Amino acid sequence: MAELLQNEEVLRLLELTKNGLLFAIWETLYVTVISTFFSYVIGLPLGVITVVGEPGGVLPLPRPVMAVINFVINILRSVPFLILMVVVIPLSRFFVGTSIGTTATIVPLIIAAFPFVARLVEASLREVDGGVVEAALSMGCSPLQVITKVMIPESRPSLISGFTTAFITILSYGAMAGAIGGGGLGSMALNLGYQRRMTIILWVSVVVLVILVQIFQSIGSRASVRLDKRVRKVDRKQKRKANKVEKAGFQ
Amino acid sequence: MIELKQVSKVFPTEDGDFEALSNIDLTIEDGDIFGIVGMSGAGKSTLVRCINLLERPTSGGVYIDGANLMDMTSAQLRQTRRSISMIFQQFNLLMQRTCLKNICFPMEIAGVPASEAKKRALEYLDIVGLPDKANAYPAQLSGGQKQRIAIARALASNPKVLLCDEATSALDPTTTRSILRLIKDINQRLGITVVVITHEMAVVEEICTHVAILDHGHMVETGKVEEVFSNPKTEAGRKLVFPEGANIDQFPVADVVRVVFNGGSSYEPLIASLAIDCGVKVNILGADTRNVNGQAFGSMLLGLPEDKAESAKAMAYLKSQNNVTVEEVPDYHG
Ligand SMILES: Nc1ncnc2c1ncn2[C@@H]1O[C@H](COP(=O)(O)OP(=O)(O)OP(=O)(O)O)[C@@H](O)[C@H]1O
Ligand SMILES: [Mg+2]
């Protein structure tokens, strides 16, 4: 055992893991946070529009506009992420000045994730009781007030669960981006761990990914339940169980 | 004053157009408690939702204090809606806000400063009898308490009109009474015009001054509660006011008359005196009397004797009574 630790090769490997790992975690979080942020910047309003813009909604939009929005969302959601990444490379060059590396993966991630976010937001807003919206209208709320003061606050727990799902999905898709030269834990696992057959690195990066996902999921679930005023305290534990959203892909 | 003029509402459906309201004319004076009754599906909810244009009539005019809501811009309509509050069968409280914040909500929309809104909200929490629930969430309240919060929310913005769509239908009889008393009290104290939608006659009797009867989208009767309830002129009205009256078809009799009491005391003395004064015995086939605002009203179906002379004598006697209307029921087959 002591002999093994003397081994130059192994020492180098450990060194690499120690230095590389922290950096890879940082890269992964950086990509995930930025991508999630911009996915919501685009996806949240889009999700709101898909609900309020339909006929009979709070702010009905012309049918062709709605048709285009839904079409774009559906198309983007049906393109496999790996293919999307390849297709989007020229776009990355345009937006962030480079088509390889960590920052470059942010663009395809946003493009893949914002339609997913729009659908998540849509599903959350549809849970809002129509009667409450009607009550708000009867008090003289404008469409914008209905959205900001009723629909979004009333669906807050569900929006938070959705956010957790989106964040985790973006995290794991970001790892996939390692395949085309993005950084982070994914690239560490693929490039060092798999291709150079450093099995330890492969396992370490996977374990770290799993731990990250667990942490974010439990933070998200807890926040969702804690902030939900519909449940009485005794019901909370049960509600938390029910709230754990299955980890789903963009598709 | 609320005036509906020739209001019609047509819903386009899969099986063609459906006329939920047809040419409704209705006037509700300030300070009235106006009941709108009718069978399920008669169009009551649609009608009340037309008053604040939650449902836009297909044709006709909705006038509040002389201004036609149909002609307003959406901004003007929003402004008008702030003076017309509504409470619902399902309460429709904001579940993620405390009771206090719920009551503040319409004031927040209307731009009332937060501190002023809070002060008024606390006042109304007191009025509805739930001063200790300010920081509770709706999920922590019972149905009746939720409706009280909804009433406080509806009143805190100082509306001129309160619309209630089946506001007590989800509540037990005792709670219903206390909510009704609260509404009546508020009407008397603040002079708010109240429109009450219900399928329960007891609710109308308890609080309404005026009533309109809806039947398949038509307004078939309207007037003071005492007048309409003492002598419903239409089949739809009779079915609603005296639901029992329709279930007594099984008695085999020759001639049947309906005797309607318009504010007398009770019906037993009349039957007794009929037997004593003219020596005619009649069958009581069915009776349904009610107490409306302290006066007794009701109707009774009497089976007259087969003997024509006796039957005529009984008719004459009944017709000579005060506060009683007699009408023959020609199509009554035992
Ligand atoms: N949006 C709609 N589209 C089509 N038909 C409708 C719509 N809303 C109401 N209706 C129809 O209009 C009629 C009146 O409905 P409304 O809800 O006003 O009845 P109601 O008198 O309030 O009944 P209830 O006592 O059961 O609440 C019903 O036959 C209903 O099917
Ligand atoms: Mg109804």
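In case you missed it, the structure is sitting above this.
A few points on the structure.

Basis of the calculations
Residues numbered from 1 in each chain as written. Chains lettered and ligands numbered in written order. Predicted model: local features only at pLDDT ≥ 70, side-chain atom pairs only at ≥ 80, totals over all residues. Heavy atoms only, no water. Helix = DSSP H or I, 4+ residues; strand = E, 2+ residues; numbered from the N terminus. Buried < 20%, exposed > 50% of the residue type's maximum accessible area, 1.4 Å probe, protein only. Contact = heavy atoms within 4.5 Å. Areas by Shrake-Rupley, 256 points an atom, 1.4 Å probe, with all protein chains shown as cover. Lys, Arg positive; Asp, Glu negative; His and termini not counted. Charge placed at Lys NZ, Arg CZ, Asp CG, Glu CD. Axes fitted to C-alpha atoms, helices over the stretch in contact; angles between N-to-C directions. Nonpolar A, V, L, I, M, F, W, Y, C, P; charged D, E, K, R; others polar. Salt bridge = Lys/Arg side-chain N within 4 Å of Asp/Glu carboxyl O. Expected span 1.5 Å × (residues − 1). Arc of directions from axis to C-beta. Phe/Tyr/Trp six-rings, centres within 6.5 Å; stacked < 30°, edge-to-face > 60°. Lys NZ or Arg CZ within 6 Å of the ring centre and 35° of its normal. Pairing = 2+ DSSP bridges. Near = heavy atom within 4 Å. Polar contact = N/O pair within 3.5 Å; in protein donor to acceptor, adjacent residues only side chain to side chain. Disulfide = S-S within 2.5 Å. Buried area = accessible area lost by both parts, 1.4 Å probe. Parallel < 35°, antiparallel > 145°, perpendicular 65-115°, else oblique. Left-handed = near helix turned anticlockwise from the far one by under 90°.

## Topic: the overall build of chain B
Moving on, step 1. A tally of regular secondary structure across chain B gives eleven helices and 14 strands.
Moving on, step 2. With respect to the principal axes defined by its C-alpha atoms, chain B has extents near 80 × 45 × 35 Å.
Moving on, step 3. Buried positions account for 53% of the 334 residues belonging to chain B.
Moving on, step 4. Sequence-distant contacts in chain B: of pairs separated by 6 or more residues, those separated by 24 or more amount to 68%.
Moving on, step 5. In the form shown here, chain B has an accessible surface area of approximately 14800 Å², with 48% of it arising from carbon and sulfur atoms.
Moving on, step 6. Placing the 32 positive and 41 negative side-chain charges of chain B at their respective mean positions leaves the two points 9 Å apart.

## Points about the packing of helix α7 (residues 143–154) of chain A against helix α8 (residues 156–176) of chain A
All names here are of chain A.
Moving on, step 1. Orientation of α7 relative to α8, taken along the N-to-C sense of each, is 65°, at an axis distance of 5 Å. In this structure, α7 uses Ile152, Pro153 and Glu154 to contact α8, whose residues at the interface are Arg156, Pro157 and Leu159.
Moving on, step 2. For the contact of α7 with α8, a count of residues per class yields four nonpolar, no polar and two charged.

## A word on the pattern of salt bridges
All names here are of chain A.
Moving on, step 1. Applying the stated criterion to the full structure yields 14 salt bridges over all chains.
Moving on, step 2. Between arginine 126 and glutamate 122 there is a salt bridge whose closest N-O contact spans 2.8 Å. Residue arginine 126 and its partner glutamate 122 are both found in helix α5 (residues 102–126); the two are separated by four residues, about one turn of the helix.
Moving on, step 3. Using a relative accessible area of 13% as the deciding quantity, one classes glutamate 122 as buried.
Moving on, step 4. The structure contains a network of salt bridges with shared partners spanning Glu54, Arg119, Glu122 and Arg126.

## Looking at helix α11 (residues 308–319) of chain B
In an α-helix there are 3.6 residues to a turn, and that puts residues three or four apart on one side.
Residues and elements named next belong to chain B.
Moving on, step 1. For α11, which comprises twelve residues, the first-to-last C-alpha distance of 16 Å matches the rise-based estimate of 16 Å (1.5 Å per residue) to within 8%.
Moving on, step 2. The complete set of buried residues in α11 reads Ser311, Ala314, Met315, Tyr317 and Leu318. Along α11, the residues classed as buried sweep out an arc of 165° about the axis, all on the same side. Exposed residues on α11 whose side chains face more than 90 degrees from its buried face are Lys308, Ala309 and Lys319.

## Concerning the packing of aromatic side chains
Moving on, step 1. Taken as a whole, this structure holds eight aromatic pairs over all chains when the rule is applied.
Moving on, step 2. A centroid spacing of 6.3 Å and a plane angle of 25° characterise the contact between A:Phe163 and A:Phe167, whose relative ring orientation is stacked. Of the two residues, A:Phe163 and A:Phe167 both sit in helix α8, four residues apart, roughly one turn of that helix.
Moving on, step 3. Among the aromatic residues, those joined into a ring-pair cluster are A:Tyr40, A:Phe163, A:Phe167 and A:Phe216.
Moving on, step 4. We note B:Lys5 situated over the ring of B:Tyr63; from NZ or CZ to the ring centre the distance is 4.5 Å.

## Focus: the sheet that holds strand β4 (residues 59–64) of chain B
Working definition: the strands of a sheet are paired by backbone hydrogen bonds and lie parallel or antiparallel to each other.
Moving on, step 1. The four strands are arranged β2-β1-β4-β5 (chain B) in an open sheet whose pairing can be described as antiparallel. Each edge of the open sheet is held by one strand with a lone partner, namely β2 (16–28) and β5 (67–68) of chain B.

## Examining the site of ligand 1
Residues and elements named next belong to chain B.
Moving on, step 1. Residues in close proximity to ligand 1 total 13 residues, the closest being Ser40, Gly41, Lys44, Ser45 and Thr46.
Moving on, step 2. Note that an oxygen atom of ligand 1 is positioned 2.5 Å from one of the side-chain N or O atoms of serine 40.
Moving on, step 3. Between ligand 1 and the protein, one listed contact pairs an oxygen atom with a backbone N or O atom of glycine 41 at 2.8 Å.
Moving on, step 4. Summarising the interface, the protein chains cover 61% of the accessible area of ligand 1, which totals 640 Å² for the free molecule.
Moving on, step 5. Among the elements of the structure, β1 (2–13), β2 and α1 (44–51) are those that each provide at least two residues to the shell around ligand 1.
Moving on, step 6. Counting residues per element, the shell around ligand 1 draws most heavily on α1, which supplies three residues.

## Observations concerning the state of the cysteines
Residue and element names in this part refer to chain B.
Moving on, step 1. Under the definition given, this model contains zero disulfides over all chains.
Moving on, step 2. Sulfur of cysteine 50: no disulfide; nearest cysteine sulfur belongs to cysteine 164 and is 17 Å away.
Moving on, step 3. Free of any disulfide, cysteine 164 has its nearest cysteine sulfur in cysteine 208, 9.2 Å distant.
Moving on, step 4. For cysteine 164, a relative accessible area of 1% corresponds to the buried category.

## Examining the interface of chain B and chain A
Moving on, step 1. The interface is formed by 24 residues belonging to chain B together with 25 residues belonging to chain A.
Moving on, step 2. In total, about 2100 Å² of surface goes out of reach between chain B and chain A, with carbon and sulfur atoms giving 56% of it.
Moving on, step 3. The tally of links from chain B across to chain A stands at two salt bridges.
Moving on, step 4. The closest approach of N and O atoms between B:Arg49 and A:Glu134, which form a salt bridge, is 2.6 Å.
Moving on, step 5. For the pair chain B and chain A, the number of links is ten residue pairs in polar contact (both at pLDDT 80 or more).
Moving on, step 6. When residues in the side of chain B that touches chain A are grouped by element, the largest group, four residues, is from helix α3 (residues 99–110) of chain B.

## Brief notes about the sheet that holds strand β9 (residues 210–215) of chain B
Residues and elements named next belong to chain B.
Moving on, step 1. Judged by pairing direction, the sheet is mixed, and its six strands sit side by side in the order β6-β7-β8-β3-β9-β10 without closing on themselves. The open sheet is flanked by β6 (84–88) and β10 (218–224), the only strands paired with a single partner. Going from strand to strand, the sheet's axes swing by 15° on average, the running direction of each strand aside.
Moving on, step 2. Pairing of strand β7 (residues 161–165) with strand β8 (residues 193–198) involves five bridges; the strand directions are parallel. Considered in β8, the bridge of cysteine 164 is made with valine 196.

## Thoughts on α1(B)
Residue and element names in this part refer to chain B.
Moving on, step 1. Burial within α1 is extensive, with seven of its eight residues counted as buried.
Moving on, step 2. Taken together, the buried positions of α1 are Lys44, Thr46, Leu47, Val48, Arg49, Cys50 and Ile51.
Moving on, step 3. After α1 finishes, the residue leucine 53 shows a positive phi value of roughly 60°.

## Here's the deal with the packing of helix α6 (residues 130–138) of chain A against α7(A)
Residues and elements named next belong to chain A.
Moving on, step 1. As a packed pair, α6 and α7 sit with axes 10 Å apart at the nearest point and diverge in direction by 140°. Relative to α7, the element α6 is oriented oblique. Between α6 and α7 lies a crossing of right-handed hand. Where α6 approaches α7, its residues Val132, Val133, Ala136 and Leu137 are matched on the opposing element by Val146, Val150 and Met151.
Moving on, step 2. Class assignment for the residues of the contact of α6 with α7 results in seven nonpolar, no polar and no charged.

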